[in-house]
Amino acid sequence: MKKYLYLLMCAGLLAGCHGSADNADGVSDSQITVQGDTLVVPSTSTIAPRLVCDTVGESSYSASLSTTGVVRAIPSAYAEVAAPFAGRVVRSLVRMGQNVKAGTPLFEISSSDYSEVVKRLIQTKSELDMAKRGLDRTQDLHDNKVASVKELDEAKTAYSLAVEEYRHAVAVAKEYQIDIKTAEVGQPMVVRSPISGQVLKNDLVIGEYIKEDAATKVVVADLDKVWVKANVSEMDAPFINGIEGVSVNLVARPDSVVTGHVAYVGGILDPDTRTVETIIECNNPRHLMLPNMYAQVRMQIHSRNSIVLPKQAVLQSEKGRYVLRRVAENTYVRTRVEVQSIDEQRLRVISGLNVGDVIISEGAFYLIDKH
């Protein structure tokens, strides 16, 4: 009895080993011959009836790309306003949510550094006026044969130097947005908005002393238009140039759909995420889209004609993706193809096949282990 059980166990192990040599459906056929990339599947083979062949042709297809994104303010319409000098806050002139124009006063700060800049501006202007009067007087004396040529040249040199000093002082003042017509020594500096928009942040405290490296106290942004920064996968990136429409769903407002358009496609692939940064610009008149909100992005691709295959027709090997192309009766050749995914069921052929080629469209899986 023990010997009989032992023989049954050995038979079972042999049957298991035989099954492991088959493919996942337990189908195998020793009649199939392989030479290089060429496979011959005789009509008498048990696999032959499972193979379905189709002629490759072009068809119209449309597809969409889905990804996630983050809402951002447009950089040119966003300003973090800080005090250009260390000093003490004298007045805050705006409130949260207030709409302001470019040049609108935001706050005033009392600063000795600011006073020095204004003082220098006023001093160089005074020296310029004095040099101009001196030059005019010397020119008049020279014209009346009273002043020498040397004296006239010296007056011209003094005036030229005064002009350069004043120009430099004006440039410094403009760099700090100082109004050169109204600036006075001893008066607080008025910090103005560089852009039109809405005050999104105002952390000013009256009497607070602000250092030069202090964090931003006021933020102004125009949110009538915003960007949604999305990352498109490496495989989907070639489709971006054919986008005809974009819809954005905010995670916080899943019932609202905002349309947009592709404003920019990055020229560099991120080596870590294998994605391309894509910027979607959206109109945002109601300001429902706030910076840093998460969103779902769907991009619709233009309808186009191309060779489209079912995913089961394309196999994968160490050398890449391939299909089994029929070159004669019962004879197939592994043909490398470059494809892109359209959806869960279809692949678009970029290269490797021509219209009129005949391939195994169903059942190619049974031949995947034939080398």
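Before any of the text, the structure's been laid out above.
Overview of the structure. (Residues numbered from 1 in each chain as written. Predicted model: local features only at pLDDT ≥ 70, side-chain atom pairs only at ≥ 80, totals over all residues. Heavy atoms only, no water.)

1. Thoughts on the packing of aromatic side chains
Summed over the entire model, instances satisfying the criterion amount to 3 aromatic pairs. When the centroid spacing of 4.4 Å and the interplanar angle of 40 degrees are considered together, the rings of Phe-85 and Tyr-176 count as tilted. Highlighted residues: Phe-85 in the loop between strand 6 (78-81) and strand 7 (87-92) and Tyr-176 in the loop between helix 3 (149-175) and strand 10 (189-192), separated in sequence by 91 residues. Between Phe-365 and Tyr-366, the ring centres sit 6.3 Å apart and the planes meet at 65 degrees, which makes this aromatic pair edge-to-face. Overall, the relative accessible area of 12% leaves Tyr-366 in the buried class. Three or more aromatic residues link up through ring pairs in this structure, and these residues are Phe-85, Tyr-114 and Tyr-176. It is Arg-50 that lies over the ring of Tyr-366; its NZ or CZ is 5.1 Å from the centre. (Phe/Tyr/Trp six-rings, centres within 6.5 Å; stacked < 30°, edge-to-face > 60°. Helix = DSSP H or I, 4+ residues; strand = E, 2+ residues; numbered from the N terminus. Buried < 20%, exposed > 50% of the residue type's maximum accessible area, 1.4 Å probe, protein only. Lys NZ or Arg CZ within 6 Å of the ring centre and 35° of its normal.)

2. Considering the pattern of salt bridges
Scanning the model with the defined rule gives 11 salt bridges in all. With a shortest N-O distance of 3.6 Å, Asp-37 and Arg-334 are connected by a salt bridge. Of this pair, Asp-37 sits in the loop between strand 1 (33-35) and strand 2 (38-40) while Arg-334 sits in strand 22 (residues 331-336), and the two are 297 residues apart along the sequence. Residue classification places Asp-37 among the partly exposed residues on the basis of a relative accessible area of 32%. Its relative accessible area of 8% is what places Arg-334 among the buried residues. Between Arg-336 and Asp-37 there is a salt bridge, with the nearest N and O atoms lying 3.3 Å from each other. Highlighted residues: Arg-336 in strand 22 and Asp-37 in the loop between strand 1 and strand 2, separated in sequence by 299 residues. Salt bridges linked by common partners bring Asp-37, Arg-334 and Arg-336 together as one network. (Salt bridge = Lys/Arg side-chain N within 4 Å of Asp/Glu carboxyl O.)

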